[in-house]
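Residues per chain, in single letters:
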Amino acid sequence: MNRREFLKRAAAASALLALSAGCGGALRTRRKVLALAFDGLDPGLVRRYAALGLMPNAKRLMQMGSLRNLATSNPPQSPVAWSGFITGCGPDVHGIFDFVHRDPANRVPYLSTSMVTPPTRTLDVGNLRLPLSGGGVELLRKGEPFWRNLLDRGIPVTMIKLPIDFPAPQDRGGRFLSGMGTPDIKGSQGSFTFYTDDPRSLSDDTSGGIIVPVRDHGDNCYRCRVTGPQNSLIEGSPVMETTAEVWADRTAGAVRIDVHGRSFVVGTGQWSPWVRFAFPAIAGISTVHAIGRFYLKELSPKLRLYLSPLNIDPENPALPISGPDWFARSIAEAIGPYYTKGFPEDTKALSRGIFNDDDYYSQATTVFDERIRMFTHALGNWKDGLLFFYFSSTDLNQHMFYRTIDPENPLHSSVTPRFRNIMGELYAKADRAIGQALELLDDNTHLMVFSDHGFAPFNRGFGLNSWLAAEGYAHIARPEDRNKDMFACVDWSRTSAYGLGLNSLYVNQAGREPDGIITPDEKYPLLERLSRDLESVIDPLNGRRPVEKAYIVQDMFPGKELPPFAPDMIVGYARGYRCSWETALGAFPEQVITDNTDPWSGDHCVAPMICPGSLITSSPMPEGLALQDMGAVITRALAGDS
């Protein structure tokens, strides 16, 4: 059966569901689908590690059904891909084109998936600002989720750690726990705090966190300020704070941490249990709850104490992380506190030198072990319908450890022997979860293991903005500001295009951007020229082409009226390349192509044909399926169409 015929049957299955509901109520079915999602699970690596005996459960599943390459989105970024899975549509419908969008009125970037909106009316009493209406968190993804069809027909749906669905859906009959896109308590995608009395650490680049200087005033106690969210109920929205007292015992190599009347002892190289923090917004009336974990990296001769990003407390959630509200609490009651932040592994701490590989891996292992406990709990409570469960570890750990399997990576030679086989260990861990799922298989249960994309090496960074400037598409007015973010150096009156985000290029369009200079009639010919020029770039270091394909977005969605925040071009990088770190935030360093010396050494923001996802199933599947098709595939399986 080919993909076209397969999807035709999937559509027929959906129609059957509707007919059944219209002729006598909800469809009764004993069929079950377990959809096990591993972000970034690469089909080439699955085949390699299965052949090496590291993935016996995946191999068994392939023999029962099939392993297929699963086409990803364009660009192959997780928010774009998972939005396609949820809706069965492309960015022209669901509206997510990149991790980062920009407001065309001012070119200011913002997170593409959700937005905090202030209350429309407030009551001011002294310095208090009490909300009377509106406000909250808005999901920016559009389109109809495939599971509503199932819920409307009485088929139970449970989606745990579902990406790009924060705030959590409140669909009647479903159970949802938000995953990727869920912020920390401060509203960011993760901001750690690092306390130290070592002055050498205070000048480090700590994007993704802050370094806080602390002192021992002679009593072996460090009083560490812990910052929470802004207090929007107080005029000026001051940041809420509390204090952790850290008592040092250098003889024992440990600290005692006192927070809100509770104490924890943490040894060097150890993690604290989850610590609860309370930030009173209005005393006795409103309190914001959060959880975090301390890691004592070093005590002697200097204190080096890490505090994780403060997660929303699942037992007292300040924001809607689950639907119904009680669902997040019920999981915490069963397995204990857990990471609610969408990106639980702290990759920024490793990239910025706060963590070394051992520190990072200890935290990543904690995340995976916690997720396995959650998975085991979910399997034990699953009786019928659809269970979707998502693992982030396969993605984030490949980002950080791809250098261990890629001899061309600039950091490959510095990998310690302990981490030479870390990628195989990661895939073996994923395989153990597949083994748990296999235990539940019967004649009425389908198991589908899939990913949103695969992986590729990231060895060289392409400075898209720097290239635009070098080729005359952008003009530098202030060379001294080239390395500053947000286009600080640009003369817009002489700039025709600019890059922002991970794969996006925009035309400086008259009437859309401020100081735009390219008319609508000039736009498409400019994009054609840009496409040819980008695909012709040669890396002088090795003679390779950094850009595999430059896609003109209006050609991707012919006849569609796209939103003004949509990019005009998607730059599909070649294997081994990605946009430079500076490009993502609008900087223009002098060098166009540079070595990537960040531990973040693997990526998937490349041309989509380079990094397909994986699809491993208990029943054979046709070639040519895409992640965007999987909602229809799941519906077909639950409808019993064969």
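Each chain has its residues counted from 1, running along the sequence as written. With the structure being a predicted model, the display of local features is reserved for residues of pLDDT at least 70 and the display and counting of side-chain atom pairs for 80 or more, all residues being used for whole-chain, interface and lining totals. Note that water and hydrogens are dropped before the side-chain values are worked out from all heavy atoms of the structure.

**Topic: the overall build of the protein**
So, point 1. Scanning the protein from N- to C-terminus turns up 16 helices and 31 strands.
So, point 2. This radius of gyration counts C-alpha atoms alone. The globule rule is 2.2 Å times how many residues there are, raised to the power 0.38. Computed over the C-alpha atoms, the radius of gyration of the protein is 25 Å, within 12% of the 26 Å expected from 2.2 N^0.38 for a compact globule of 642 residues.
So, point 3. For the protein, the residues scored as buried account for 57% of the 642 residues in total.
So, point 4. Note on contacts: a residue pair is in contact if any heavy atoms of the two residues lie within 4.5 Å. Sequence separation of 24 or more characterises 68% of the internal contacts of the protein that already satisfy a separation of 6 or more. In this description a helix means any DSSP run of H or I spanning at least four residues, a strand means any run of E spanning at least two, and both kinds are numbered starting from the N terminus. Partly exposed residues are those whose accessible area sits between 20% and 50% of the maximum for their type, while under 20% is buried and over 50% is exposed, using a 1.4 Å probe and protein chains only.

**Points about the packing of aromatic side chains**
So, point 1. When two rings of Phe, Tyr or Trp (its six-membered ring) have centres within 6.5 Å they constitute a pair, described as stacked for plane angles under 30 degrees, edge-to-face for angles over 60, and tilted for the intermediate range. Within the structure shown, the criterion is met by 42 aromatic pairs.
So, point 2. A centroid spacing of 5.8 Å and a plane angle of 80° characterise the contact between Tyr295 and Phe355, whose relative ring orientation is edge-to-face. Pair noted here: Tyr295 is in strand β17 (residues 294–298) and Phe355 is in the loop between α8 (347–351) and α9 (357–381), with a separation of 60 residues, a long-range link.
So, point 3. What makes Tyr295 buried here is its relative accessible area of 4%.
So, point 4. Judged by its relative accessible area of 3%, Phe355 is buried.
So, point 5. Judged by centre distance (5.7 Å) and plane angle (75°), the rings of Phe375 and Phe391 are edge-to-face. Here Phe391 lies in strand β21 (residues 385–391) and Phe375 lies in helix α9, a separation of 16 residues in the sequence. Note on accessibility: Phe375 and Phe391 belong to one class, buried.

**Thoughts on the sheet that holds strand β18 (residues 304–307)**
So, point 1. The rule for pairing is simple: two strands pair if DSSP sees at least two bridges between them. What the four strands build is an open sheet, ordered β10-β9-β18-β17; its pairing is mixed. Of all strands in the sheet, those bounded by a partner on one side alone are β10 (209–213) and β17. Between one strand and the next, the sheet's axes are offset by a mean angle of 20°, whatever the strand orientation.
So, point 2. Where β17 meets β18, four bridges bridge the pair, whose relative direction is antiparallel. Its bridge partner being in β18, Phe294 is matched across the sheet by Leu307. Axis lines are fitted to C-alpha atoms, over the contacting stretch for helices. Their N-to-C directions set the angle, which ranges from 0 to 180 degrees.

**As for the sheet that holds strand β19 (residues 311–312)**
So, point 1. Across the sheet, which stays open at both edges, the three strands sit in the order β15-β16-β19 with antiparallel pairing between neighbours. Of all strands in the sheet, those with a lone pairing partner are β15 (275–282) and β19, marking the two edges.
So, point 2. Pairing between β15 and strand β16 (residues 286–292): seven bridges, direction antiparallel. Looking across to β16, one finds that Pro280 is bridged to Thr287.

**Overview of the pattern of salt bridges**
Proximity of charged atoms lets side chains of opposite charge pair with each other.
So, point 1. Put simply, a salt bridge is a Lys or Arg side-chain nitrogen that is within 4 Å of an Asp or Glu carboxyl oxygen. For the structure shown, the criterion picks out 28 salt bridges.
So, point 2. In this structure, Arg418 and Asp358 form a salt bridge, with 2.6 Å as the shortest nitrogen-oxygen distance. Taken together, the residues span a long stretch of sequence, with Arg418 in the loop between α10 (393–401) and α11 (422–438) and Asp358 in helix α9 at a distance of 60 residues.
So, point 3. For Asp358, a relative accessible area of 39% translates into the label partly exposed.
So, point 4. Notably, a salt bridge pairs Asp539 with Arg460, separated by 2.8 Å at the nearest N-O pair. One end of the pair, Asp539, is in the loop between α13 (520–535) and β26 (547–552); the other, Arg460, is in strand β23 (residues 456–462), and 79 residues separate them in sequence.

**Focus: helix α4 (residues 78–87)**
So, point 1. Taking burial as the measure, the 10 residues of α4 include 10 buried ones, the bulk of the element.
So, point 2. Immediately downstream of α4, the backbone of Gly88 shows phi near 75°, a positive value.

**Here we look at the side chain of Thr394**
So, point 1. Position of Thr394 among the secondary structure elements: in helix α10.
So, point 2. Setting aside chain neighbours within four positions, we find Thr394 in contact with Phe38, Asp39, Leu41, Leu426, Ala430 and Phe455.

**Here we look at the side chain of Ser504**
So, point 1. Turning to its location among the elements, Ser504 is positioned in strand β25 (residues 504–507).
So, point 2. Within the structure, the side chain of Ser504 is placed 2.9 Å from the side chain of Asp98, a separation counted as a polar contact.
So, point 3. Residues contacting Ser504, with those up to four places away along its chain left out, are Asp98, Leu464, Tyr498, Gly499, Pro567, Met569 and Ile570. Whenever two N or O atoms come within 3.5 Å, that pair is a polar contact, provided that in protein one can donate a hydrogen and the other can accept it, and provided that, for residues adjacent in sequence, both atoms are side-chain atoms.

**Some points on the packing of helix α3 (residues 56–64) against α11**
So, point 1. α11 packs onto α3 with a crossing angle of 50° between their chain directions and a minimal axis gap of 7 Å. As far as their axial angle goes, α11 and α3 are oblique. The segment α3 lies against α11, with Pro56, Asn57, Ala58, Arg60, Leu61 and Met64 engaging Asp431, Arg432, Ile434, Gly435 and Leu438.
So, point 2. Taken together, the residues that form the contact of α3 with α11 break down as six nonpolar, two polar and three charged. Should an angle lie under 35 degrees it is considered roughly parallel, over 145 roughly antiparallel, and from 65 to 115 roughly perpendicular; all remaining angles are considered oblique. For this scheme, ten residues count as nonpolar: Ala, Val, Leu, Ile, Met, Phe, Trp, Tyr, Cys and Pro. Four count as charged, namely Asp, Glu, Lys and Arg, and the remainder, Gly too, count as polar.

What is shown is where atoms sit, not what they do.
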